[in-house]
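The chain contents come next:
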Amino acid sequence: MATKPGILTEWPWTWLGNFKHVVLAPFVVHSTYSYFMSEEESRRDIAYLLIFPLLILRMIHYQIWISLCRYRTAKGDYRIVDKSIEFDQIDIERNWDDQIIFSALLFYFGYLNLEQSRHLPIWRTDGIIMTILLHIGPVEFLMYWLHRALHHHFLYSRYHSQHHSAVATQPITTSNHAFAEHAALFMVYSIPMLTTVLKGTASMVSISGYLTFVDFMNNMGHCNLEIIPKWMFSIFPPLKYFMFTPSFHSLHHTQVRTNYALFMPIYDIIYCTLDKSSDILYAKSVKRRSESPDVVHLTHLTTPESIYHLRLGFSSLASKPYTSKWYFSLMWPITLSSMILTWIYGDTFILERNMFKNLKLQTWVIPKYRTQYFNQWQRECIINLIEEAIAQADEKGVKVLSLGLLNHEQWLNKNAELYIRRHPQLKVKVVDGSTLAIAVVLNSIPKGTSQVVLRGHLSKVAYSVALTLCQGRVQVVPLREEEYKRLKANLTPEAANNLVHSETYTSKTWLIGDGLSDEEQSKAPKGTLFIPFSQFPPRKVRKDCFYLHTPAMITPKYLENMDSCENWLPRKVMSAWRIAGILHALEGWHDHECGNMIFDIEKVWKTSLDHGFLPLTMPIESKV
């Protein structure tokens with residue numbers, strides 16, 4: 001929002017929330033009915049029918065820019081501004097499609113009220129030429145002065161400051177305007193379209209092409225990547241006066257009082273508002289290359305629908321803990337296509353870039369789903385992808401690579417021990433994060449607890465938690481007899497005295513992992529606290545019980561550029577396995593943490609607290 005919101009700041013359909021698109025429903029129904037059901041040929045107009053598809057195409061155009069730019073900025077090539085994007089910016093910019101809805105409404109109203117707008121031809125050369133000339137002249141000129149007016153302190157504080165709340169811009173920043181401001185901007189943008197319609201020279205190509213051009217230039221100007229190649233200006237030097245670059249407009253967001261031009265810098269030159277460092281920043285940005293990270297967290301996809309939750313997907317969804325949405329089912333063609341693609345071919349890709357103190361962090365994703373990890377014929381491919389990622393990290397000079405989710409399972413690669421054995425000269429330290437996960441689980445158990453129930457697939461974390469509790473004289477009660485036998489075989493005789501197999505479960509503290517059934521949850525007493533020790537959260541079936549998150553901690557404020565949630569975890573929360581890699585690099589520990597290796601649990605826990613990470617111990621009540 002603006003610093004002092006003025007009148008008509010909010011969009012008229014804000015109160016509709018996620019159902020705001022219904023404002024277009026009457027027009028979509030009417031245009032469809034008129035075209036397919038009307039008996040009069042004069043009422044069948046393809047231009048009227050195509051207004052809604054044009055809206056959809058504009059949204060797809062924006063989403064392509066969003067995904068592409070988030071991926072490129074994560075890599076670091078050609079990045080202009082190093083400032084981070086945080087959750088506040090994501091929340092402010094989440095309604096980027098409001099302006100697309102607004103323009104569609106105006107097109108519908110224009111069509112119904114202007115006789116000249118009906119039955120437009122596909123192409124008219126004179127209309128296209130007129131559109132180009134009207135943009136170069138009136139639109140660019142008026143937009144320059146409107147932009148300068150919006151920077152007057154009265155209008156700036158009430159309207160335009162909302163747009164400038166973003167220093168590190170992204171494509172959807174271009175749509176972050178108050179309603180009144182966008183209405184004024186669209187009035188100027190509409191000059192070529194409205195003029196050609198009234199003059200009878202408009203065509204479907206001229207209108208849709210002009211909208212696409214405006215969207216393309218606006219998205220490009222806010223992408224925070226210098227994507228205009230230097231050779232373009234070398235071939236035709238005067239071009240720099242007639243076409244701006246992303247770095248040109250980025251300076252406007254950082255300096256505020258310079259570079260007001262829409263797409264043509266010549267107006268800033270004429271009126272002496274050109275930032276003198278424009279050429280310098282362009283030259284610097286176009287040469288910039290990605291920097292090697294210090295720490296890499298290697299994760300993978302979870303469910304087919306998780307592609308929409310990724311930071312490269314829908315930013316508003318990624319800024320919240322992952323949950324399946326009803327409308328994902330309507331997008332099954334995209335979901336199915338992406339899943340087939342990952343089954344056939346896929347390379348590890350960069351998802352996110354962060355800064356922690358002086359450490360450069362990256363998250364890499366193996367394009368395989370959770371179900372694929374359990375397919376025997378996919379396992380060799382996944383192991384190869386993990387080993388290729390480790391080798392690539394070593395080549396790039398990465399200090400630590402932490403393994404997330406199923407990438408370090410015992411049944412997959414013995415917690416990465418197999419690869420370490422084959423490459424003893426490996427410089428990058430491979431960390432499975434088990435020690436910190438153990439510490440988080442142990443410190444989540446309420447003080448004074450004398451007995452805990454343990455159920456779930458026995459992992460490295462589960463064995464170590466059970467051993468530590470038994471050594472601390474806390475009774476551990478496995479739910480299943482086979483788990484009891486396996487745990488007892490791995491405990492010392494003294495510790496095994498505190499391992500008890502019982503058919504009755506009075507304890508209200510349950511340590512749970514993968515494989516916990518609904519029936520087993522039903523055996524828990526009312527008010528039981530379920531504490532996961534696994535990577536994946538349990539299914540919540542009890543309304544009268546409480547569930548902790550999977551092992552994780554709250555991140556310090558100085559963790560930068562964190563604008564998405566890690567899987568199902570809340571905002572500003574990071575999994576223990578991911579944090580472990582950061583701690584490893586901060587402390588300069590020289591050992592791998594893989595195979596059966598467990599570090600000093602107390603030392604690792606204290607180190608995490610010393611570096612500003614906080615326990616995440618608040619239980620969440622099941623709403624199922």
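Residues numbered from 1 in each chain as written. Predicted model: local features only at pLDDT ≥ 70, side-chain atom pairs only at ≥ 80, totals over all residues. Heavy atoms only, no water.

- The name given to the protein in an unreviewed UniProt entry is Protein ECERIFERUM 1-like, and the organism recorded there is Anisodus tanguticus.
- The protein has a UniProt comment under Subcellular location (unreviewed entry) that states "Membrane". (UniProt positions renumbered as here; feature names shortened; annotations may be inferred.)

## Brief notes about the environment of leucine 341
Turning to step 1, where the next piece is worked out: Mapping leucine 341 onto the fold places it in helix 15 (residues 332–344).
Turning to step 2, where the next piece is worked out: Exposure remark for leucine 341: the relative accessible area of 54% places this residue in the exposed category.
Turning to step 3, where the next piece is worked out: Separated by 165 residues in sequence, leucine 341 and asparagine 176 place their C-alpha atoms 34 Å apart. (Helix = DSSP H or I, 4+ residues; strand = E, 2+ residues; numbered from the N terminus. Buried < 20%, exposed > 50% of the residue type's maximum accessible area, 1.4 Å probe, protein only.)

## Section: the side chain of threonine 169
Turning to step 1, where the next piece is worked out: Inspection of the secondary structure assignment puts threonine 169 in the loop between helix 7 (153–158) and helix 8 (179–199).
Turning to step 2, where the next piece is worked out: A residue is classified by how much of its surface remains accessible, and threonine 169, at 5% relative accessible area, is buried.
Turning to step 3, where the next piece is worked out: There is a polar contact of 3.0 Å between the side chain of threonine 169 and the backbone oxygen of histidine 222.
Turning to step 4, where the next piece is worked out: When residues no more than four places from it in sequence are discounted, the contact partners of threonine 169 are Gln89, His222, Cys223, Asn224 and His253. (Polar contact = N/O pair within 3.5 Å; in protein donor to acceptor, adjacent residues only side chain to side chain. Contact = heavy atoms within 4.5 Å.)

## Things to note about the UniProt feature "transmembrane region" (unreviewed entry) in the protein
Turning to step 1, where the next piece is worked out: Feature annotation in UniProt assigns "transmembrane region" (unreviewed entry) to the following positions: residues 46–65, 127–146 and 326–346.
Turning to step 2, where the next piece is worked out: Taken end to end, residues 46–65 is 95% helix and 0% strand, and its two terminal C-alpha atoms sit 28 Å from one another.
Turning to step 3, where the next piece is worked out: The distance from the first to the last C-alpha atom of residues 127–146 is 26 Å, and the span holds 100% helix and 0% strand.

## Thoughts on the environment of leucine 442
Turning to step 1, where the next piece is worked out: Within the secondary structure, leucine 442 sits in helix 20 (residues 434–444).
Turning to step 2, where the next piece is worked out: Residues leucine 442 and alanine 466 lie 24 residues apart in sequence; the distance between their C-alpha atoms is 9.6 Å.
Turning to step 3, where the next piece is worked out: If we skip the residues at most four places from it in the chain, leucine 442 touches Val465, Thr468, Leu469 and Ile601.

## Things to note about the nonpolar core
Turning to step 1, where the next piece is worked out: Counting 58 residues, the largest nonpolar core has Leu24, Trp96, Phe102, Tyr108, Tyr189, Met193 and Ile207 as its most contacted members.
Turning to step 2, where the next piece is worked out: Contributions of two or more residues to this core are made by helix 1 (25–37), helix 2 (46–49), helix 3 (51–75), helix 5 (98–113), helix 6 (125–150), helix 8, helix 9 (204–221) and helix 13 (278–287).
Turning to step 3, where the next piece is worked out: Judged by nonpolar contacts, the second largest core, of 53 residues, contains Ala439, Leu487, Ala585 and Trp589. (Core = buried A, V, L, I, M, F, W, Y, C linked by side-chain atoms within 4.5 Å.)

## Comments concerning the packing of aromatic side chains
Where two aromatic rings form a pair, the distance of their centres and the angle of their planes describe that pair.
Turning to step 1, where the next piece is worked out: Summed over all chains, the structure comprises 33 aromatic pairs.
Turning to step 2, where the next piece is worked out: With centroids separated by 4.9 Å and ring planes inclined at 70°, the aromatic side chains of tryptophan 145 and tyrosine 271 adopt a geometry described as edge-to-face. A residue pair is termed long-range when its members are at least 10 positions apart, and tryptophan 145 in helix 6 and tyrosine 271 in the loop between helix 12 (266–270) and helix 13 qualify at 126 residues.
Turning to step 3, where the next piece is worked out: A relative accessible area of 35% means that tryptophan 145 is categorised as partly exposed.
Turning to step 4, where the next piece is worked out: Judged by its relative accessible area of 29%, tyrosine 271 falls in the partly exposed class.
Turning to step 5, where the next piece is worked out: Each ring, one from phenylalanine 233 and one from tyrosine 282, has its centre 5.5 Å from the other, and the planes form 90°; the classification is edge-to-face. With a gap of 49 residues between them, phenylalanine 233 in helix 10 (residues 230–235) and tyrosine 282 in helix 13 connect regions that are remote in the sequence.
Turning to step 6, where the next piece is worked out: Overall, phenylalanine 233 belongs to the buried group, its relative accessible area being 14%.
Turning to step 7, where the next piece is worked out: Judged by its relative accessible area of 10%, tyrosine 282 is buried.
Turning to step 8, where the next piece is worked out: Taken together through their ring pairs, the aromatic side chains of Phe141, Tyr144, Trp145, Tyr260, Tyr267 and Tyr271 make up a single cluster.
Turning to step 9, where the next piece is worked out: For arginine 118, the ring lying beneath its charged end belongs to tyrosine 111, and the centroid distance is 5.5 Å. (Phe/Tyr/Trp six-rings, centres within 6.5 Å; stacked < 30°, edge-to-face > 60°. Lys NZ or Arg CZ within 6 Å of the ring centre and 35° of its normal.)

## A few points about the pairing of strand 4 (residues 400–403)
Turning to step 1, where the next piece is worked out: Taking every second residue as pointing to the same face, both faces of strand 4 are buried, with Val400 and Ser402 on one and Leu401 and Leu403 on the other.
Turning to step 2, where the next piece is worked out: Relative to strand 4, strand 1 (residues 295–300) runs parallel, the two being bridged by 4 bridges. Across the sheet, residue histidine 297 finds its bridge partner in strand 4, namely serine 402.
Turning to step 3, where the next piece is worked out: For strand 4 and strand 5 (residues 429–431), the ladder comprises 3 bridges, and the chain directions are parallel. If you follow leucine 401 over to strand 5, its bridge partner there is valine 430. (Pairing = 2+ DSSP bridges.)

## Re the UniProt feature "domain: Fatty acid hydroxylase" (unreviewed entry) in the protein
Turning to step 1, where the next piece is worked out: UniProt marks residues 133–272 with the feature "domain: Fatty acid hydroxylase" (unreviewed entry), using the numbering shown here.
Turning to step 2, where the next piece is worked out: From the first C-alpha to the last, residues 133–272 spans 24 Å; its make-up is 60% helix and 0% strand.

## Here's the deal with a nonpolar patch on the surface
Turning to step 1, where the next piece is worked out: Side chains of Phe52, Ile56, Leu57, Ile60 and Ile64 sit close together on the surface and give an oily, nonpolar patch of about 440 Å² of accessible area.
Turning to step 2, where the next piece is worked out: Within the element layout of this structure, isoleucine 56 appears in helix 3.
Turning to step 3, where the next piece is worked out: We classify isoleucine 56 as partly exposed; its relative accessible area is 34%. (Patch = residues over 30% accessible without salt bridge, like charges linked within 9 Å, V, L, I, M, F, W, Y side chains within 5 Å. Areas by Shrake-Rupley, 256 points an atom, 1.4 Å probe, with all protein chains shown as cover. Salt bridge = Lys/Arg side-chain N within 4 Å of Asp/Glu carboxyl O.)

## Points about the pattern of salt bridges
Turning to step 1, where the next piece is worked out: One pass over the structure, following the stated rule, counts 26 salt bridges.
Turning to step 2, where the next piece is worked out: The closest approach of N and O atoms between aspartate 77 and arginine 72, which form a salt bridge, is 3.0 Å.
Turning to step 3, where the next piece is worked out: For aspartate 77, a relative accessible area of 12% translates into the label buried.
Turning to step 4, where the next piece is worked out: A salt bridge links arginine 455 to glutamate 483, with the shortest nitrogen-to-oxygen separation between them at 2.3 Å. You can see arginine 455 sitting in strand 6 (residues 451–455) and its partner glutamate 483 sitting in helix 22 (residues 481–489), a full 28 residues away along the chain.
Turning to step 5, where the next piece is worked out: The exposure class assigned to glutamate 483 is buried, which follows from its relative accessible area of 5%.
Turning to step 6, where the next piece is worked out: One continuous salt-bridge network, built from bridges that share partners, spans Arg455, Arg480, Glu483 and Glu520.

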